[in-house]
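# Residue-level structural notes
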Amino acid sequence: LILATLAVGRVVIPQAGVPLLLGVDVGRFGDDPSVIYPRRGRDASSLPIELMFGLDTMQTAARVAETFSKLGADMALVDGGGVGGGVVDRLHQLRIPTIEVQFGAKADNTNIIERGIKYANKRAEIWGGVKDWLPFGSIPDFKIPQPNGDILTLAEELSNPQYGLTDKEEIRLERKKDMRARGVPSPNVADALACTFAVPTLQPRGMVVTAPTVEPP
């Protein structure tokens, strides 16, 4: 929670030449929204996050395509599990540059700063990418409404999933259904942000953020 809280509102200098990525988490349970989350390098706070409730796959794909065009994005990275595959297929039909992110796929050591860490699957790996990025990145003070009327912040959502180690000493992130079983909401917005870490992206050096003062490798 400390890393996420410190990233809220952090001022970052715009990074020239860094692609604008749209992370998309496709809601597939009644109260879960689909989410479009834009990130450009260290900046994941200046462009609006979109929550979409009650949309089918075609409507969700249309919203992603609209946002992609409006923002001049470079790539959409979409959770392709379950109904998300339909969104991916439709975006391909619309000729939107799209990469399908399969949370259960094998980790491939993409965007990992701290070497020697092993991840059990792609979802654990991309959340690891978020963790490595948070000391240098900026997130908004984003409020996420809950079905029971509560409000959850993005910083809290990033901190809610638990993790453990497999017998191969690989990091495994808590599954959404296990979170629900213990009364914790599904981290849909955080998953959308994590999708933007599914591929390597250029991180220019020499552009120091307000805190901390060290730079990532």
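As a reminder, the structure under discussion sits directly above these lines.
Residues numbered from 1 in each chain as written. Predicted model: local features only at pLDDT ≥ 70, side-chain atom pairs only at ≥ 80, totals over all residues. Heavy atoms only, no water.

### Focus: the pattern of salt bridges
Scanning the model with the defined rule gives 10 salt bridges in all. For Arg-180, the salt bridge is made with Asp-32, and the minimal N-O distance between the two is 2.6 Å. In this pair, Arg-180 sits in helix H6 (residues 176-181) while Asp-32 sits in the loop between strand E1 (20-25) and strand E2 (34-40), placing the two residues 148 residues apart along the sequence. The exposure class assigned to Arg-180 is partly exposed, which follows from its relative accessible area of 30%. Arg-63 is paired through a salt bridge with Glu-50; the nearest N and O atoms lie 3.0 Å apart. Of this pair, Arg-63 sits in helix H2 (residues 57-71) while Glu-50 sits in strand E3 (residues 50-52), and the two are 13 residues apart along the sequence. According to the relative accessible area criterion, Arg-63 is partly exposed, its value standing at 29%. You can call Glu-50 buried: its relative accessible area is 13%. Residues participating in the shared-partner salt-bridge network are Asp-25, Arg-123, Lys-176 and Asp-191. (Salt bridge = Lys/Arg side-chain N within 4 Å of Asp/Glu carboxyl O. Helix = DSSP H or I, 4+ residues; strand = E, 2+ residues; numbered from the N terminus. Buried < 20%, exposed > 50% of the residue type's maximum accessible area, 1.4 Å probe, protein only.)

### A closer look at the packing of aromatic side chains
Counted according to the given criterion, the structure contains 1 aromatic pair. Across the ring face of Phe-197, the terminal group of Arg-39 is positioned such that the distance to the ring centre comes to 3.8 Å. (Phe/Tyr/Trp six-rings, centres within 6.5 Å; stacked < 30°, edge-to-face > 60°. Lys NZ or Arg CZ within 6 Å of the ring centre and 35° of its normal.)

### A word on the sheet that holds E2
Read from one edge to the other, the open sheet built from 5 strands follows the order E3-E2-E1-E4-E5, with strand pairing classed as mixed. The open sheet is flanked by E3 and strand E5 (98-101), the only strands paired with a single partner. In this sheet, neighbouring strand axes are inclined to one another by 20 degrees on average, regardless of whether the strands run parallel or antiparallel. In the sheet, E1 pairs with strand E4 (residues 75-79) via 4 bridges, with the strands oriented parallel. (Pairing = 2+ DSSP bridges. Axes fitted to C-alpha atoms, helices over the stretch in contact; angles between N-to-C directions.)

### Focus: the nonpolar core
Of all hydrophobic cores here, the largest spans 35 residues; its most connected members are Tyr-37, Ile-139, Leu-158 and Leu-193. For this core, the secondary structure elements donating two or more residues are helix H1 (2-7), E2, helix H4 (122-133), helix H5 (154-159) and helix H7 (188-195). Here this core takes 6 residues from H7, the largest share from any one element. Setting aside residues no more than four positions away along its own chain, Tyr-37 makes contact with Leu-21, Leu-22, Gly-23, Ala-44, Ile-49, Ile-139, Pro-140, Leu-154, Val-189, Ala-192, Leu-193 and Thr-196. Grouped together as the second largest cluster of nonpolar side chains are 17 residues, Ile-36, Ala-76, Val-78 and Val-87 included. (Core = buried A, V, L, I, M, F, W, Y, C linked by side-chain atoms within 4.5 Å. Contact = heavy atoms within 4.5 Å.)

### As for the packing of H2 against helix H3 (residues 84-93)
Orientation of H2 relative to H3, taken along the N-to-C sense of each, is 50 degrees, at an axis distance of 9 Å. With respect to H3, the element H2 is oriented oblique. Read as a crossing pair, H2 and H3 show a hand that is right-handed. When H2 is examined against H3, the residues Thr-57, Met-58, Thr-60, Ala-61, Val-64 and Ala-65 are found in contact with a partner set consisting of Gly-86, Val-87, Arg-90 and Leu-91. (Parallel < 35°, antiparallel > 145°, perpendicular 65-115°, else oblique. Left-handed = near helix turned anticlockwise from the far one by under 90°.)

### Points about the pairing of E4
With respect to burial, E4 is a largely interior element, 4 of its 5 residues being buried. As for the winding sense of the linkage, the β-α-β connection from E4 through H3 to E5 is right-handed. (Right-handed = clockwise from strand over helix to strand, strands pointing away.)

### Side note on the layout of surface pockets
Approximately 460 Å³ is the volume found for the largest pocket. As for the largest pocket, its lining consists of 19 residues, of which Trp-127, Lys-131, Leu-158, Tyr-163 and Leu-173 are closest to the centre. Listing elements by their share of the lining of the largest pocket, those giving two or more residues are H1, H4, H5 and strand E9 (171-173). Within the lining of the largest pocket, the residues separate by chemical class into 14 nonpolar, 2 polar and 3 charged. (1 Å grid on protein atoms, 1.4 Å probe; cavity = no way out; pocket = protein on both sides within 12 Å on 5 of 7 lines; lining within 4 Å. Points joined across faces, edges and corners; volume = space filled by probe spheres on them. Nonpolar A, V, L, I, M, F, W, Y, C, P; charged D, E, K, R; others polar.)

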